[in-house]
Amino acid sequence: THTHTPSHAHIHTHSLQCSPRPSTRHKEMPQGLNFRIVFAIAAGAIGSAFQHGYNTGVLNAPQKLIEEWIASCDNSTTVTTDDQTTEPEKCMSDTTVTLIWSWVVAIFCIGGMMGGSMVGFVSSWLGRKGGLLLNNVLVVFAALLMGLSKMAGSFQMLIAGRLLIGINSGLNAGLAPMYLSEIAPVSLRGAVGTVYQLIITISILLSQILGMSNVLGTESGWPLLLAITVIPAVFQVLTLPCCPESPKFLLLDKDDEMAANKALSWLRYTIEVHDEMDEMKQEQESMKLVPKVTLKEMLVNSALRKPLIIAIMMMLAQQLSGINAAIFFSTSIFEKAGLDNTASQSATLGMGAMNVAMTFVSLVLIERAGRKTLMIAGLVGMLTMTTLLLLSLLLSGVVSWISYLAIVAVILFVVGFATGPGSIPWFFVTELFSQSGRPIASSIAVAVNWSANFLVGLGFSPLQLAIGPYVFIIFIILQVVFILYVYFVVPETKGRTVEEVTAQFRK
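Everything numeric here is computed off the predicted structure, so don't read it as measured data.

1. Quick look at the overall build of the chain
Here's step 1: Of regular secondary structure, the chain possesses 25 helices and two strands.
Here's step 2: The buried share of the chain, reckoned over its 507 residues, is 54%.
Here's step 3: If you take every contact in the chain between residues at least 6 apart in sequence, the share linking residues at least 24 apart comes to 80%.
Here's step 4: Looking at the chain as shown, the accessible area adds up to about 22000 Å², and 69% of this sits on carbon and sulfur atoms.

2. A look at the nonpolar core
Here's step 1: One finds Tyr-196, Ile-310, Met-314, Ile-424, Leu-432 and Phe-433 to be the most contacted residues of the largest nonpolar core, which totals 111 residues.
Here's step 2: For Leu-432, the contacting residues outside a window of four places in its chain are Pro-307, Ile-310, Ala-311, Pro-491, Thr-493, Val-501, Thr-502 and Phe-505.
Here's step 3: Within the second largest apolar cluster, 20 residues are counted, among which are Tyr-54, Leu-59, Leu-216 and Leu-226.

3. Considerations on empty space enclosed by the protein
Here's step 1: Enumeration over the complete set of coordinates arrives at two cavities of 30 Å³ or more.
Here's step 2: Reported here for the largest cavity is a volume of approximately 60 Å³.
Here's step 3: Around the largest cavity, the lining residues are Thr-201, Ile-204, Gln-208, Ile-327, Ser-330, Thr-348, Met-351, Gly-352, Asn-355 and Val-414.
Here's step 4: Those elements that provide at least two residues to the lining of the largest cavity are helix 9 (189-210) and helix 19 (341-369).
Here's step 5: By residue number, the principal contributor to the lining of the largest cavity is helix 19, which donates four residues.
Here's step 6: In terms of residue class, the lining of the largest cavity is built from four nonpolar, six polar and no charged.

4. Details of a nonpolar patch on the surface
Here's step 1: The grouping of Leu-391, Leu-394, Leu-395, Val-398, Leu-463, Ile-467, Tyr-470, Ile-473, Ile-474, Ile-477 and Val-481 at the surface amounts to a nonpolar patch, some 910 Å² of accessible area in total.
Here's step 2: Elements that contribute at least two residues to the nonpolar patch include exactly helix 20 (371-394), helix 23 (438-467) and helix 24 (471-488).
Here's step 3: No other element matches helix 24, which puts four residues into the nonpolar patch.
Here's step 4: Relative to the helices and strands, Leu-463 resides in helix 23.
Here's step 5: Look at Leu-463 and you get partly exposed, because its relative accessible area is 35%.

5. Considerations on helix 14 (residues 274-289)
Here's step 1: Helix length check: helix 14, at 16 residues, gives a terminal C-alpha distance of 23 Å against a target of 22 Å (1.5 Å per residue), a fit within 8%.
Here's step 2: Burial in helix 14 covers these residues: His-274, Met-277, Met-280, Lys-281, Glu-283, Gln-284, Ser-286 and Met-287.

6. Notes on the pattern of salt bridges
Here's step 1: Tallying each qualifying case throughout the model produces twelve salt bridges.
Here's step 2: Between Lys-281 and Glu-257 there is a salt bridge, with its nearest N and O atoms 3.4 Å apart. Residue Lys-281 is found in helix 14, and its partner Glu-257 is found in helix 13 (residues 257-268); the two are separated by 24 residues along the sequence.
Here's step 3: The class of Glu-257 is partly exposed, set by a relative accessible area of 29%.
Here's step 4: Of the charged contacts, one joins Lys-288 and Glu-285 as a salt bridge, the two residues approaching to 3.7 Å between their closest N and O atoms. Here Lys-288 pairs with Glu-285, and both are found in helix 14, just three residues apart, close to one helical turn.
Here's step 5: When its relative accessible area of 46% is taken as the criterion, Glu-285 is described as partly exposed.
Here's step 6: Salt bridges linked by common partners bring Arg-128, Glu-182, Asp-253 and Arg-438 together as one network.

7. Observations concerning helix 8 (residues 155-183)
Here's step 1: With 29 residues, helix 8 ought to run about 42 Å at 1.5 Å a step, and its terminal C-alpha atoms sit 41 Å apart, in line with that.
Here's step 2: If you look at helix 8, its biggest bend is around 30°, right at Asn-172.
Here's step 3: For helix 8, the tally of buried residues reaches 24 of 29 residues, placing the bulk of the element in the interior.
Here's step 4: Two or three places before Gln-156, at the opening of helix 8, Ser-154 has a side-chain oxygen 3.3 Å from that residue's backbone nitrogen.

8. Regarding the packing of aromatic side chains
Here's step 1: For the structure on display, the rule yields ten aromatic pairs.
Here's step 2: Here Phe-460 and Phe-472 contribute two aromatic rings whose centre-to-centre distance is 5.9 Å and whose plane-to-plane angle is 65°, an arrangement assigned as edge-to-face. Of this pair, Phe-460 sits in helix 23 while Phe-472 sits in helix 24, and the two are twelve residues apart along the sequence. We note that Phe-460, like Phe-472, is buried.

9. Things to note about the confidence of the model for the chain
Here's step 1: The pLDDT averaged across the chain works out to 87; a share of 90% of its residues lies at or above 70.
Here's step 2: A low-confidence stretch, residues 1-28 (pLDDT under 50), is modelled with 18 contacts involving residues beyond four sequence positions or located in other chains.

10. What about the side chain of Ser-154?
Here's step 1: By the element assignment, Ser-154 lies in the loop between helix 7 (136-152) and helix 8.
Here's step 2: Among the polar contacts listed, one links the side chain of Ser-154 to the backbone nitrogen of Gln-156, at a separation of 3.3 Å.
Here's step 3: The contacts of Ser-154, once residues within four sequence positions are left out, are Trp-69 and Ser-149.

11. What about the side chain of Arg-128?
Here's step 1: Relative to the helices and strands, Arg-128 is located in helix 6 (residues 127-134).
Here's step 2: A distance of 3.0 Å separates the side chain of Arg-128 from the side chain of Glu-182, its partner in a polar contact.

12. Quick word on the state of the cysteines
Disulfides are covalent bonds that link the sulfur atoms of two cysteine residues.
Here's step 1: Scanning all chains against the criterion turns up zero disulfides.
Here's step 2: Distance from the sulfur of Cys-242, which forms no disulfide, to the nearest cysteine sulfur (Cys-243) is 6.1 Å.
Here's step 3: Since its relative accessible area comes to 48%, Cys-242 is described here as partly exposed.
Here's step 4: Among the residues examined, Cys-243 registers a relative accessible area of 2% and is labelled buried.

Here is what the cut-offs are and how they apply
Note that residues are indexed from 1 along each chain, following the sequence as it is written. A pLDDT threshold of at least 70 governs which residues receive local features in this predicted model, and a stricter bar of 80 or more applies before side-chain atom pairs are shown or counted, although totals over entire chains, interfaces and linings include all residues. Think of the side-chain values as coming from all heavy atoms in the structure, minus any hydrogens and water. Put simply, DSSP marks the helices as runs of H or I at least four residues long and the strands as runs of E at least two long, and each gets a number from the N terminus on. Each residue is assigned to one of three classes by its accessible area relative to the maximum for its type, calculated with a 1.4 Å probe on protein chains only: buried under 20%, partly exposed between the two thresholds, exposed over 50%. The criterion used for residue contact is that any of the two residues' heavy atoms lie within 4.5 Å. Only the protein chains shown count as cover for residues, with accessible areas throughout obtained via the Shrake-Rupley method and a probe of 1.4 Å. For our purposes a nonpolar core is just a set of buried Ala, Val, Leu, Ile, Met, Phe, Trp, Tyr and Cys residues, chained together by side-chain atoms within 4.5 Å. Residues are called lining when one of their atoms sits within 4 Å of a cavity or pocket point, these points coming from a 1 Å grid over the protein atoms alone, where a cavity is a set in which a 1.4 Å probe fits but cannot get out and a pocket is an open set with protein on both sides within 12 Å along at least five of seven lines. Grid points are joined across faces, edges and corners, and a volume is the space filled by probe spheres set on the points. The residue classification treats Ala, Val, Leu, Ile, Met, Phe, Trp, Tyr, Cys and Pro as nonpolar and Asp, Glu, Lys and Arg as charged. All others, Gly included, are polar. Exposure above 30% relative accessible area and the absence of a salt bridge qualify a residue for a patch, where like charges join within 9 Å and nonpolar side chains (Val, Leu, Ile, Met, Phe, Trp, Tyr) within 5 Å. In what follows, salt bridge is the name for a side-chain nitrogen of Lys or Arg lying within 4 Å of a carboxyl oxygen of Asp or Glu. One less than the number of residues in a helix, times 1.5 Å, gives the span that helix is expected to have. The seven residues ending at a residue and the seven starting there each receive a fitted axis; the angle between those axes is the bend at that residue. By the criterion applied in these results, polar contacts are pairs of N or O atoms within 3.5 Å in which, for protein atoms, one can donate a hydrogen and the other can accept it, and in which residues neighboring in sequence qualify only through two side-chain atoms. Each pair of aromatic rings taken from Phe, Tyr and Trp, with Trp reduced to its six-membered ring, is defined by centres within 6.5 Å and is described as stacked if the planes are under 30 degrees apart, edge-to-face if over 60, and tilted in the remaining cases. pLDDT measures how confident the predictor is about each residue, on a scale from 0 to 100. Throughout, a disulfide means two cysteine sulfur atoms within 2.5 Å of one another.

As structure tokens, this is what we get:
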């Protein structure tokens, strides 16, 4: 295919070689951004990250309503109490309701683990784009199950819908960052990777706003609240087919140079993609030298095992540093601090908004400060705030103003989280592995993330009942471990090609 490229194109690229990085190609937007890649990023990320974030946060607000619905009898008879108010008759004990409710919440993470472990298979078989598109089938079924569960009077449908949307989110959590980091130019890879987490935080905030009692957090409104999740899926099905498949997938997995060239030219909005194609071809050559990456190879070969352990530790740093504990229990922390119901709802929204704002800041900083710096800064911030939170919870009976310290600590804790640990682990996996190892590594890392998420969700309440505020000491110890680990073990990947990063593990 290269014989009949007009010679002046070659001369042109060589003349550009002298300048450090040819950024002259795009007059419209900075370093390699153009309308098309922005469109592709939106198409790839919005429909997928939304499911992950929205369904994480959506059950927070309408919990009491759904529990009442689960407890109520099928024929919805009402009993008139002494003070003449009607109340739905209960047909279940509170413990059964709590058990069913915790299944409704937790099955989402179990689905996430299942979806996560299928990432490798799906991304190699259907491609990144194909996998993302087909994945929306699950959303449609899940939205129907959850949205119609109340009409059908079946909490089993609600659980089934949560499982399906969990599987969808688990797959998305691997496929979307992979697609994003493979279509992004090296200089923007981190920023583009952060988009995934940015949309997660926006959709968590959206789910909290929509779940408020004057919006959809009502007795008749909550099935719709859960079914809204289908809208971004429709958006993705309409937009993503216009975008190309990941050029790396086309060249390195499908060995289709023409298609890869075409996809890359579309994304870069220029036909001068020789340099980048050559980089990918180099990666293709070095791939031929390595045996096909299998699960066993991952664990035996130290050049693959080292980055895998790093990827897993980054995922654990995200989940085990206590962010879910802070978010799950923010409302009760605020109420203990003496805020009334509406005020604590507003404070929770404030937290969500802070999360969005800081993730945005991290998106801007990531290519300047680097991954490692932001990760450590974020964890140190979280460590400080967890310590403050612990102190304020222990002293809450003694000093009156200290309850406000708890609120500040929780909100700043979220700031620390969003600075680094929130967004970096998602795309960090994709930066540590060459094309051949990436699908399996993503699978393992994403499955670990969801499992850790599940364990924190499961274990935090019983632990809190057992040891009270001291539960935060566990997070403090874990945070210290992760800070030291990132500082001493994790490499910086900013501005380095995948080839350069993987080379250092082969030493």
